[in-house]
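Listed here are the chains, written in short residue letters.
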Amino acid sequence: MNIHSVSSPKHVLLNHAPLNHALLKYVLRQGDTPLILAQRLCEWCGHAPELEIDLALSNIGLDLLGQARHFLSYAATLSENGLNEDHLAFGRDEREFFNLLLVEQPNGGYNDTLVRQFFIDTYHVLLHQVLGQSRDPQLAAISAKSLKEVEYHLRFSRGWMIRLGDGTELSHEKIQQSINQLWRFTGELFHCDEIEQQLAEEGIAVDPNTLHEPWLQIIKETFAEATLEMPQESPYRQGGKQGLHTEHLGYILAEMQYLQHTYPDCNW
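These remarks concern the structure in this document. (Residues numbered from 1 in each chain as written. Predicted model: local features only at pLDDT ≥ 70, side-chain atom pairs only at ≥ 80, totals over all residues. Heavy atoms only, no water.)

### Some thoughts on the overall build of the protein chain
- Summing up its helical and strand segments, the protein chain has 10 helices and 0 strands in all.
- Starting at the N terminus and ending at the C terminus, the protein chain contains elements arranged as α-α-α-α-α-α-α-α-α-α.
- For the protein chain, whose C-alpha radius of gyration is 18 Å, the value lies close to the compact-globule estimate of 18 Å for 268 residues.
- The proportion of buried residues among the 268 residues of the protein chain is 54%. (Helix = DSSP H or I, 4+ residues; strand = E, 2+ residues; numbered from the N terminus. Rg over C-alpha atoms; globule rule 2.2 N^0.38 Å. Buried < 20%, exposed > 50% of the residue type's maximum accessible area, 1.4 Å probe, protein only.)

Next comes the structure, spelled out in structure tokens:
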């Protein structure tokens, strides 16, 4: 991203016709989730357990950052406030981000990062398969490009889930612990609110409810191959898509936005 003036007006989502406002919020959701996950993954740079994983996580993070840029650039055109992708990434506060709670969770150990990645990769593949057929040509184009990348991401995370789940006693135990810990955040992936319902009826967005069964099928098949158990707990954490976040997002934004807040008119 080019850094220039990011002293953008607050509450950039106001003063829009209902459908256009819904589309803006939806596009921001699609951009914020990969943006925050990219930030998380790039924290691994130089710290992963082996060089291959270090490079893979960094490359996946860059893919996600590219996807975020496409969605946020589109959102900027919808905002009609003279904003750009940089304003949206660096000029919003915590309550104005609409990413899924799952992606803002701490990296923890590699087992935690892997499980988080596997859950979201499976979701992203299914999402972009459908969103690529959107009546909105811009959304369709972004998703068609993103699908090629997230299919690779899923091959990577699924392969490691099987390798570690069906590996040593210790690796199996660690992966299972991470599954049990992060499972509570997976329900939000399929929660459909009024914005998504309205846009889905228009053929623009994806009703996330329709993704739940195929997502669960992939999860169960992978767990069976990896000798892992499905959690008994029902997922219950949500709110990220409405701007209600865990305490972790504030720390991510403090680091991500530091330079732009300190030097709001800087240029490369």
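Next comes the rest of the description.
### Let's talk about the packing of helix α5 (residues 137–165) against helix α8 (residues 212–225)
- Between α5 and α8, the shortest axis-to-axis distance is 8 Å and the interhelical angle comes to 35°. The segment α5 lies against α8, with Arg158, Met161 and Ile162 engaging Glu221, Thr222, Phe223 and Glu225. (Axes fitted to C-alpha atoms, helices over the stretch in contact; angles between N-to-C directions. Contact = heavy atoms within 4.5 Å.)

### Quick look at unusual backbone geometry
- The backbone of Thr227 sits at a positive phi, close to 55°, despite the residue not being glycine.
- When you line up the elements, Thr227 lands in the loop between α8 and α9 (248–256).
- The class of Thr227 is partly exposed, set by a relative accessible area of 40%.

### Describing empty space enclosed by the protein
- For the structure shown, the criterion picks out 2 cavities of 30 Å³ or more.
- Empty space within the largest cavity amounts to approximately 110 Å³.
- Lining of the largest cavity is provided by 15 residues; of these, Gln30, Leu100, Tyr123, Glu196 and Lys241 occupy positions nearest its centre.
- Partitioning the lining of the largest cavity into residue classes produces 8 nonpolar, 4 polar and 3 charged.
- Empty space within the second largest cavity amounts to approximately 30 Å³.
- Along its surface, the second largest cavity is lined by Gln30, Pro34, Gln67, Phe71, His124, Leu127 and His128.
- Ranked by residue count, the leading element in the lining of the second largest cavity is helix α4 (residues 110–131), at 3 residues.
- Residue composition of the lining of the second largest cavity, by class: 3 nonpolar, 4 polar and no charged. (1 Å grid on protein atoms, 1.4 Å probe; cavity = no way out; pocket = protein on both sides within 12 Å on 5 of 7 lines; lining within 4 Å. Points joined across faces, edges and corners; volume = space filled by probe spheres on them. Nonpolar A, V, L, I, M, F, W, Y, C, P; charged D, E, K, R; others polar.)

### A look at the packing of aromatic side chains
- Scanning the entire structure with this criterion turns up 8 aromatic pairs.
- Summarising the aromatic geometry, the rings of Phe118 and Phe119 are spaced 6.3 Å apart at their centres and angled 35° between planes, so their arrangement reads as tilted. Across the pair, Phe119 and Phe118 agree in class, each one buried.
- With 5.8 Å between their ring centres and 35° between their planes, Trp183 and Trp215 make a pair best called tilted. Taken as a pair, Trp183 in the loop between α6 (169–182) and α7 (194–201) and Trp215 in helix α8 lie far apart in primary sequence, 32 residues in all.
- Overall, Trp183 belongs to the buried group, its relative accessible area being 5%. (Phe/Tyr/Trp six-rings, centres within 6.5 Å; stacked < 30°, edge-to-face > 60°.)

### Structural notes on helix α2 (residues 51–79)
- If you check α2, its first and last C-alpha atoms are 41 Å apart, about what 29 residues at 1.5 Å a residue would give, namely 42 Å.
- At the C-terminal side of α2, Glu80 shows a positive phi close to 60°. (Expected span 1.5 Å × (residues − 1).)

### Structural notes on the layout of surface pockets
- Considering only enclosed or pocket space, the largest pocket measures out at about 180 Å³ in volume.
- Taken together, 11 residues line the largest pocket, and the ones lying closest to its centre are Leu35, Gln39, Leu65, Phe90 and Met256.
- The set of elements that each furnish at least two residues to the lining of the largest pocket consists of α1 (18–42), α9 and α10 (258–262).
- When residues of the lining of the largest pocket are assigned to their parent elements, the largest contribution, 4 residues, is made by α1.

### Quick notes on the side chain of Ser157
- Within the secondary structure layout, Ser157 lies in helix α5.
- A polar contact of 2.9 Å, which involves the side chain of Ser157, links it to the side chain of Asp121.
- Not counting chain neighbours up to four residues away, the residues in contact with Ser157 comprise Leu114, Gln117, Phe118 and Asp121. (Polar contact = N/O pair within 3.5 Å; in protein donor to acceptor, adjacent residues only side chain to side chain.)

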